[in-house]
Amino acid sequence: MSIIFFRAAVLLVTLIIVMRLMGKRQIGEMQPFEFIITLLIAELACIPMSDVSIPLIYGVVSVLAVFIMHQLLTLLSMKSDLVRHAACGKPSVVINKNGVDIAELKRNNMGVDDLIESLRGTGNYSLDSVYYAIYESNGKLTVLKDEEKENKYLPLLLVEEGKLKKNNFELSGLNDGFLKEVMAKNGVKTLKQIDVMTVDGTGKVYFQKAKEKFTTFKTELPGEISW
Amino acid sequence: MVKTLVSIIVAALVIVGGGIAENAYLSATFDGLTDVYEEIYHSSEQEKCTVGQAESAKKAWFDKKKTLHALIPHTEIKEVDLWVYELTEYVRQGNFKEASAKAYVILELFDKIPKTFSISLENLL
């Protein structure tokens, strides 16, 4: 009985560490700790339920072990910020007044793609349509919206951390000439100097040089291109 | 807060108390069974074991295993069952050499099973 308790406790702690290391994309709507408990309880109750060779008490003890760990962590989280941050994580500000915080995104094992996807989930399509975007510790994105900005056009991500997003580039119908022109206008020689670049169907460009504040500007799209 | 603390204490007491009781019960049960089967082992070695002795040892195991089902995996109980049946049959046939070997295995199982549930690094890993 006691050994089952210890084994359950060791595995629970391991799962919390692993989930915390995986970052915010692995969880949704739940705190990492709640997510793990949900995963474990179902499995722990299910195994002795269906396997008659395992005494029922094994399931009861494991579930009790999870319960004790949950209550302990809840108690410690209420008392100490350090424990709460270690077990549940803390919110990450991924868009601030300077634009997208690439380092913060990486810390959560995410890319600009993931950020834009989450942003769309909040009804915001353009990176400059929000003042702040925060990944909460439960993996949910919350935004402080810039009410003056309209979300009428769909921006496409063309450059992410110095890499051209070929699919989006082809989808947009834009050419190398356009890209070079925008780069030249912003004093950029190689793609590596760009952290984020999006373009919408009206020619509005969101441009963020590496480690610099973003800028937005209008440009002429070549030919009849529009989306 | 008080409710959380009380729930932690109660659940911890259930596990600690249950663990101590389980340990004590398993030790006492297997110690008792070991005494019974050591006698069978020695009498089989001396070719003096009777069917009645073997049957009463089998009954001792079957009486205890009803409660052991609640604490140890049923596969381990089944394993002991098989050895006990074989031992009884060898004694009935007068094959004391095989009977003593079976009794020895049963004694080893009685020694190992409670250890499987003790708090040790090898059980934790």
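Counting of residues starts from 1 at the beginning of each chain's written sequence and follows it residue by residue. In the order they appear in the text, chains get letters beginning with A and ligands get numbers beginning with 1. Thresholds applied to this predicted model are a pLDDT of at least 70 for local features of residues and 80 or more for the giving and counting of side-chain atom pairs; totals over whole chains, interfaces and linings are not thresholded and use all residues.

With respect to the interface of chain B and chain A
Part 1: By definition, residues are in contact whenever their C-beta atoms, placed on the basis of the backbone, come within 7 Å of each other. Between chain B and chain A, the contact holds 22 residues from the first and 20 residues from the second.
Part 2: The secondary structure listing takes helices from DSSP runs of H or I that are at least 4 residues long and strands from runs of E that are at least 2 residues long, numbered from the N terminus. Of all the secondary structure elements, the ones that give two or more residues to the side of chain B that touches chain A are helix H1 (2-45), helix H3 (74-93) and helix H5 (121-124) of chain B.
Part 3: It is H1 of chain B that contributes the most residues to the side of chain B that touches chain A, 11 residues altogether.
Part 4: Side-chain classes follow a simple rule in which Ala, Val, Leu, Ile, Met, Phe, Trp, Tyr, Cys and Pro form the nonpolar group, Asp, Glu, Lys and Arg form the charged group, and the remainder, Gly included, forms the polar group. The residue makeup of the side of chain B that touches chain A, split by class, is 13 nonpolar, eight polar and one charged.

Thoughts on the nonpolar core
Part 1: Residues enter a nonpolar core if they are buried, belong to Ala, Val, Leu, Ile, Met, Phe, Trp, Tyr or Cys, and are joined to the set through C-beta atoms within 7 Å. Every C-beta atom is placed from the backbone, and the number of other C-beta atoms within 10 Å of a residue's own sets its class: buried at 20 or more, exposed at 12 or fewer, partly exposed in between. In terms of nonpolar packing, the biggest core is built from 26 residues, with Val94, Val100, Leu105, Val112, Leu115, Val196 and Met197 of chain A touching the most fellow members.
Part 2: Mapped onto this core, the elements with two or more residues apiece are strand S1 (92-96), helix H5 (102-107), helix H6 (112-121), strand S3 (130-135), strand S5 (156-160), helix H8 (176-185), strand S7 (194-199) and strand S8 (204-209) of chain A.
Part 3: Domain extents, as shown, originate in an automatic or database domain assignment. Each of two domains, domain 2 (92-145) and domain 3 (156-218) of chain A, supplies a minimum of three residues to this core.
Part 4: With residues near it in sequence (within four places) discarded, Val100 of chain A still touches Val94, Ile95, Leu105, Val112, Leu115, Leu127, Asp195, Val196 and Gln208 of chain A.
Part 5: In terms of nonpolar packing, the next biggest core, distinct from the first, is built from 24 residues, Phe30, Ala57, Leu87 and Tyr90 of chain B among them.

Some points on the sheet that holds strand S4 (residues 141-145) of chain A
Residue and element names in this part refer to chain A.
Part 1: Strands qualify as paired when DSSP identifies two bridges or more between them. Read from one edge to the other, the open sheet built from four strands follows the order S2-S1-S3-S4, with strand pairing classed as antiparallel. Strands with a single pairing partner mark the edges of an open sheet, and in this sheet they are strand S2 (99-100) and S4.
Part 2: Throughout, an axis means a line fitted to C-alpha atoms (over the contacting stretch in the case of helices), and angles, computed between N-to-C directions, take values from 0 to 180 degrees. Packed on one face of the sheet, H6 meets S1, S2, S3 and S4 and runs near 70° to S4.

A few points about the pairing of S7 of chain A
Strand residues, when the strand is regular, have side chains that alternate between the two faces of the sheet.
Residues and elements named next belong to chain A.
Part 1: Most of S7 is tucked away, with six of its six residues classed as buried.
Part 2: Where S7 and S8 come together, five bridges link them in antiparallel fashion. Directly across from Thr198, in S8, lies its bridge partner Tyr206.
Part 3: Count of turn residues in the S7/S8 antiparallel hairpin: four residues, of which Gly203 carries a positive phi of about 95°.

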